[in-house]
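Examination of the molecular architecture
Chain residues, written in single-letter form:
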Amino acid sequence: MAPGRRKKPARRGRSAEDAPPQPDFEGGTPGLVVAHHGVAVLVRFEDGSERQIWLQPDQRAVVGDRVRVRGDRLAVDPAHGVLRRRDPRGRERTIATNLDWLGIVVAVEPREPPGYIDRGFVIARAAGIEPFLVLNKTDLDEGGALGARLEEIYASSGPVFRVSAESGEGLEQIPVLLAGGKLGAFVGPSGVGKSSLVNALVPDLDLRVGALNRGSGKGTHTTTTATLHALPGGGFLVDTAGFKDFIAVDLEPSEAAAGFPGFEVPLEAGCRFRDCLHRTEPGCGVLAALAAGEIDERRHRAYLQLVEELESPDDQRR
Ligand SMILES: Nc1nc2c(ncn2[C@@H]2O[C@H](COP(=O)(O)OP(=O)(O)O)[C@@H](O)[C@H]2O)c(=O)[nH]1
Ligand SMILES: [Mg+2]
Ligand SMILES: [Zn+2]
């Protein structure tokens, strides 16, 4: 580890400040956390009713958590698919749990920062969540050029949907992914249309669209960073507010090496070294695929750039 680089919190499960020992109990009425209000959470039960439950001191629960309620107490079940972000003070915060799918939303306008989609894929995979890509505002994608380009790069790594929250085009593909009670979340830069998409998919919902949020520094949202909504055909969608910094979660270069979109085929075959970073190592399957023209040079350069960023101490503070 480079000198001066701060120690990272534990990666799997929740980070240290999120996981104090919880007073737990057996049984209780099962429910799902659908909103988080700092000291309390809103729990939806299987019969559709909802109740606000106060958290115990040191107790943590976030949107997506499966819980059991007894009296006015809550017990949180172990979770998978944990999505985190870094808060402005540099601490990792859990945003949502039990995610099956992470929808990385981009748009024709505003365009995402370079490397954003790749980071999204790597973050999802490192957390055990299946990534998919959503290009919103196809009504502005003249000739479908951007959509075609994104499909060319990402279609072999996960579903790529071209949609328009405004015209409704392509939206029907999203509930299909989430059928059977799956949980999905949208992440993406501010302004790409995440809230608009959730509004379009969930009837009678009126999430604020075009609202300023945390990413820009001055937020209209204070404690609520995510809300969970049931789709008519089953499944749930989480809307996240302000994720300029969603990409600033701690990621290891090894996680980029294992989850970079487009490297799936050579990674399946494997590299000689288990900790191969696909740079200059002998017996590297990715470099062999690159030499054989099976991986585009620009994609390998994008990967090298990401690893370089992850190795830079600046990236850890962003
Ligand atoms: N042209 C067009 N504009 C859209 C579409 N979806 C959202 N918008 C607009 O994009 C802006 C940001 O939308 P919002 O849902 O708040 O984005 P969020 O910050 O990602 O939640 C708003 O002005 C929306 O009306 C779309 O499919 N087409
Ligand atoms: Mg929004
Ligand atoms: Zn390799």
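Shown above is the structure to which this text applies.
All residue numbers refer to position in the chain's written sequence, counted from 1. Throughout, the order in which chains and ligands are written sets their labels, letters from A for the former and numbers from 1 for the latter. The model is predicted, so local features are restricted to residues of pLDDT at least 70 and side-chain atom pairs to those at 80 or more, both for listing and for counting; the totals for chains, interfaces and linings are taken over all residues. Just so you know, side-chain values use all the structure's heavy atoms and leave hydrogens and water out.

Concerning the overall build of the chain
Cut-off, in case you're wondering: What counts as a helix is a DSSP run of H or I of at least four residues, what counts as a strand is a run of E of at least two, and both are numbered from the N terminus. We call two residues in contact whenever any of their non-hydrogen atoms come within 4.5 Å of each other. In these tables, accessible area is a Shrake-Rupley quantity obtained with a 1.4 Å probe, and a residue counts as shielded only by the protein chains included in the view.
A count of helices and strands for the chain gives nine helices and 13 strands. Taking the contacts inside the chain whose residues are at least 6 apart along the sequence as the reference set, 63% of them involve residues at least 24 apart. With an accessible surface of roughly 15,200 Å², the chain has 52% of that area assigned to carbon and sulfur atoms.

Description of the environment of Ala126
Test applied: For every residue, the accessible area obtained with a 1.4 Å probe (protein chains only) is divided by the maximum for its type, and the residue is called buried under 20%, exposed over 50%, and partly exposed between those limits.
Examined against the element boundaries, Ala126 turns out to sit in helix α1 (residues 116-126). Its relative accessible area of 14% is what places Ala126 among the buried residues. Each C-alpha atom, one on Ala126 and one on Ala258, is 8.4 Å from the other, the two residues being 132 residues apart in sequence.

Focus: the pairing of strand β7 (residues 92-96)
Strand residues, when the strand is regular, have side chains that alternate between the two faces of the sheet. Cut-off, in case you're wondering: Following DSSP output, two strands are said to pair if at least two bridges run between them.
Buried residues dominate β7, accounting for four of its five residues. Pairing of strand β6 (residues 83-86) with β7, which is carried by four bridges, proceeds in the antiparallel orientation. Counterpart to Arg84 in the pairing with β7 is Thr94.

A closer look at the coordination of the zinc ion (ligand 3)
We count it as follows: For Na, K and Ca the donor cut-off is 3.2 Å; for every other metal, N, O and S atoms count as donors within 2.8 Å. Water does not enter the count, which can leave sites looking incomplete. In this scheme the shape depends on donor count and angles: four donors with every angle between 85 and 135 degrees give tetrahedral, four or six donors with opposite pairs above 155 degrees and others between 65 and 115 give square planar or octahedral in turn, and any other case is irregular.
The protein atoms that coordinate the zinc ion (ligand 3) are Cys271 (SG), Cys276 (SG), His278 (ND1) and Cys284 (SG), at distances of 2.2 to 2.4 Å. Coordination at the zinc ion (ligand 3) comes from four donor atoms whose angles at the metal span 105 to 115 degrees, giving a geometry best classed as tetrahedral.

Examining the pattern of salt bridges
The cut-off we apply is this: The salt bridge criterion pairs a side-chain nitrogen of Lys or Arg with a carboxyl oxygen of Asp or Glu, the two atoms within 4 Å.
Counted under the stated rule, the structure contains 10 salt bridges. Residues Glu309 and Arg119 are paired through a salt bridge, measuring 3.0 Å at the closest nitrogen-oxygen approach. Here Glu309 is found in helix α8 (residues 297-311), whereas its partner Arg119 is found in helix α1, with 190 residues between them in sequence. Across the salt bridge formed by Arg301 and Glu297, the nearest N and O atoms sit 3.6 Å from each other. Of this pair, Arg301 and Glu297 both sit in helix α8, four residues apart, which is roughly one turn of that helix.

Points about the packing of α1 against α8
Selection criterion: Only C-alpha atoms enter the line fits that serve as axes; for helices the fit covers just the stretch in contact. Angles between N-to-C directions range over 0 to 180 degrees. Note on terminology: angles under 35 degrees are roughly parallel, angles over 145 are roughly antiparallel, angles of 65 to 115 are roughly perpendicular, and the others are oblique. Left-handed describes a crossing in which the near helix is turned anticlockwise from the far one by less than a right angle; the clockwise case is right-handed.
Axis separation between α1 and α8 bottoms out at 11 Å; the angle between their running directions is 70 degrees. Judged by the inter-axis angle, α1 sits roughly perpendicular to α8. Note on packing geometry: the crossing formed by α1 with α8 is right-handed. For the pair α1 and α8, the contacting residues are Asp118, Arg119 and Val122 in the first and Arg299, Ala302, Leu306, Glu309 and Leu310 in the second.

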